[in-house]
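Geometric and topological summary
Listed below are the residues making up each chain.
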Amino acid sequence: MKIFLYLLLSFITIFAKNLDVLLEKYKKESELSKITKIDTAGIVHIFTREDLEKMQGSSLKDILKLIPGLNYTFTPNYTPLFTQASGSYVNQTAVRIYINNHDLTSTSFGSALLIWGDMPIEAFDHIEIYKGASSIEFGSETAILIIKLYTKLPSREEGKKIRIIKDSLGSSSFDSYLAKTGTDNEFFIYAHAKDFNSKRYENDGFAVTRDYKDYMFFGNYKRKDINIESGYLKIDKDPYLGNGKLYHPTGGGLDAYHGYINIEKYINDIKFRISFDNLKYKRKYRDRDGVYTSKGYVNIYNIDFEDNIFSIFGEKKIKKENDHFVFGGFYKYKSYKENGHFDQFHINPKNSLNLYSLYFENRHKFSDDFMSLLLLKGDFYRYNKDIKSHNKLISKIGFVKRLNNLKLKLFYTKTYLPIEFYKLYTQNDLPFKSNPNLKFPNINFLTFESIYTNKKYKISLKAGKKVIKNKISFDYLNKSFINFNEKVKVNFYEFEYGYNFDLDNKLSFNLVKYKNNQNELSPDIQIFLRVFNKIEDFYLYNELSYKNSYFYNNQKIDSSLDFTSSIKYFINKDLSIGLRGENILNKGFKQAYRKTANIYPVFDHRFIFNMEYTF
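Below you will find a few notes about this structure. (Residues numbered from 1 in each chain as written. Predicted model: local features only at pLDDT ≥ 70, side-chain atom pairs only at ≥ 80, totals over all residues. Heavy atoms only, no water.)

A few words now on the pattern of salt bridges. Inspection of every chain in the model, using the stated rule, returns 47 salt bridges. The shortest N-O distance in the salt bridge between K407 and D39 comes to 2.7 Å. Of this pair, K407 sits in strand β25 (residues 406-416) while D39 sits in the loop between α2 (32-36) and β1 (43-47), and the two are 368 residues apart along the sequence. A residue is classified by how much of its surface remains accessible, and K407, at 14% relative accessible area, is buried. Across the pair E122 and R163 runs a salt bridge whose closest N-O atoms are separated by 3.1 Å. Of the two residues, E122 is situated in the loop between α5 (113-116) and β6 (124-131) and R163 in strand β8 (residues 159-167); the sequence distance between them amounts to 41 residues. Taken as a pair, E122 and R163 share a single burial class, namely buried. Through salt bridges with shared partners, a single network forms among D39, K407, K409, E449, K458, K462 and E496. (Salt bridge = Lys/Arg side-chain N within 4 Å of Asp/Glu carboxyl O. Helix = DSSP H or I, 4+ residues; strand = E, 2+ residues; numbered from the N terminus. Buried < 20%, exposed > 50% of the residue type's maximum accessible area, 1.4 Å probe, protein only.)

Have a look at this one:
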C-alpha cells in the first residue's frame, strides 16, 4: 500500500510539472503578437507580454530607446523625438502611434508622438514596431515608423490589478485596471497617474529639469460584433532647455491633453470604424534672454493649439484560392485652431483639412513557399483656405520566398510624409514664417531581409537604402521653412541574433550600421544585447546598449554604454515586487544641442521599485 501511494504521488507530481510546462508552452504559442503581427509591413520588432513583464518598464520610452537604427531623445523644449542613426531629427509626421487600431493623430503636428511618446504601458499586452512601413497595411495616414500598442484582453485578464512604483529620484506612479467578461460582452478599464522627477542639471547657472506629471484613462467595451474604446492622456511638463536665445529658462512648460473615442463594427463582412479626437496643446516659454520668434526675441511666449479630428473608415477583405484582396478607404476632417501671444503681437489663425484616401492590397501565392505583395494607396488633401491641394500616391511591391528554414523578403516602397499644419499656415508669420507652398517630402525605400530560424535560434540580416527628396528644413537666415534641394540618402545594415535556451530563457543581440550622405549628427553604430531569464519565482532582465561617439555643434560626444537591469520576485501568484536599475553605469546616451556646449543624458541614473497585486 505504501509503495502504491508513493508511486501515485510521484505520478501526480510528474504530471503536474509536465502540465505546468505544457500550459506555459501553450501560453507562449498563443501570444497575441503571433496573431496581430503583419510580417510584410516592414522590418518588425516585437515586445511580447512576457518581455514587458520581465523588463518592468513603466513608460513607452523604455521601449522606444531599444529600436535599432533610431536614437530616442528629446528636443530642447522636451519634445520626445528620434534621431536616425548617423542623421538628424526624424520628422514627427514620419512616426505614428496606434492604440489597437486607432491612430493617435494630430492636425497641428501630424503625429501625437509629442504627447504620447512618454505614455505609460501597463495597460498593454504587447508592442509592435514597424520600420520602413508604407502605412497601407494599417489603413490610415502615411508614415514610415509605426508603433502599435495592443491593450490587454479582458478574456485573459479577468479580475483587477494595481501597480505602485517609487524611484530613487522621488518619482511615483500608480496604475490600476479592471477586466471583466460576460456571456456576450466584456470590458477593460485602466487608470494611471504619475509624478516624475528628473535629475537637476544646469546651463550657465540656470536650472534645467525634465519633471512631468501625467494622467491616463482607457476604457474598452465589446459586445458581439461592436467594439467601443476611449482613451485620454493629460501631461504637464517642464520646459527643459526651452527655446530661448541661449537656453536660460526661467519658467514655462507644456500643458497638453489628447482624448479620443473609437467605435468598430462589422456589417456584412465589412469592417467600419468611426472615431473622434480632441487635442489641446499649450506651450509657455520664459527665458531671461528672450524667446525666439520670426519677429525677433520676445519676453512673453504663450501659444495654444486645438485640434479636432473626425474619422470614418471602411475595409473589405476577399480571399480567393491564391489571392488575398483588401479594399479600403477613409475620410478625415481635421480642424486646426491657434491662439498666440508674443509681447504686443496676438494671432488667432484657423484652418481645416479634408483628407480622402483609398487603398488596395493584393497578396498572391505562386506556391506554398513563394508570395508577392502589391499595395496602392491614393491620398487627396483638400485644405479649407490658402493652402493648395495635394494628390499623393503610395505604392509598395514585395516578394517573400521560403527555402526550408530560410525566409527571404524584398520590398520596394514609394511613399511621402505629410506636412505639419503649423509649417503650412499661420497668421502674421508668427511665431514662425509658414510656407503654404512647401512640397511634401518623397521617400523611396528598398529593404532586403533574410531570416534563418530553427527551434533554438534565429539569425537575421537586413539591408536597405532610403532616399528622401524635398526634405523640409528651417532656414535660420530667412526665418522660414523650406524644402532641402539635395537628396538625402541613407544606407543601413542590421544583424540580429536571437537564442532561446528554453521556454523561459532567451537572449537577443542586434548590431546596426547606418550611413548617410550628409553630416554625421548622431551615432552610426549601435549594439543591443538583452537577456531574459526566469529562475523559479524570479524574473531577471539585463540590457546593454552601446552607441559610438558622434559630432554635433562642432563638439564630440563620447560613445555611450547604457546598462539596465531588473529583478522581479513573485511572493505568490497574485503578489510580486520588483527592482529596476536604469543607466546604472551612468554612461548612457547623451544629446547635444545647438545653442549650448553642454550635453545631457537622455535617461537619468535611477533605481525603481515596484509592487504589483492582482485580485
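Let us now look at the side chain of D175. Within the secondary structure, D175 sits in strand β9 (residues 172-181). We note that D175 is buried and unpaired, the nearest opposite charge coming from R163 at a distance of 5.4 Å. Engagement of the side chain of D175 in a polar contact is seen with the side chain of Y190, the distance being 2.4 Å. Excluding residues that lie within four positions of it along the chain, D175 makes contacts with P120, E122, K161, I162, R163, Y190, A191 and H192. (Lys, Arg positive; Asp, Glu negative; His and termini not counted. Polar contact = N/O pair within 3.5 Å; in protein donor to acceptor, adjacent residues only side chain to side chain. Contact = heavy atoms within 4.5 Å.)

A few words on the pairing of strand β10 (residues 185-196). Burial of the side chains of β10 is restricted to one face: E186, F188, Y190, H192, K194 and F196 are buried, whereas none of N185, F187, I189, A191, A193 and D195 on the reverse face is. Sheet analysis places β9 next to β10, joined by 10 bridges and oriented antiparallel. Looking across to β10, one finds that F174 is bridged to A193. (Pairing = 2+ DSSP bridges.)

Relative to the helices and strands, T105 resides in the loop between β5 (102-103) and α5. Assessed through its relative accessible area of 1%, T105 is described here as buried. When the C-alpha atoms of T105 and E449 are compared, they prove to be 30 Å apart, with 344 residues separating the residues in sequence. Setting aside chain neighbours within four positions, we find T105 in contact with R96, G110, A112, E141, H258, D277, L279, I309, K332 and K334. Among the polar contacts listed, one links the side chain of T105 to the side chain of E141, at a separation of 2.9 Å.

Okay, the nonpolar core next. Core analysis: the biggest nonpolar cluster contains 116 residues, and L60, F82, W116 and I127 have the highest contact counts within it. Apart from residues no more than four positions distant in its own chain, F82 is found in contact with L64, I67, L70, N71, Y72, S88, Y89, V90, V95, L113 and L145. In this structure, I38, A41, A143 and I146 belong to the second largest nonpolar core, which totals nine residues. (Core = buried A, V, L, I, M, F, W, Y, C linked by side-chain atoms within 4.5 Å.)

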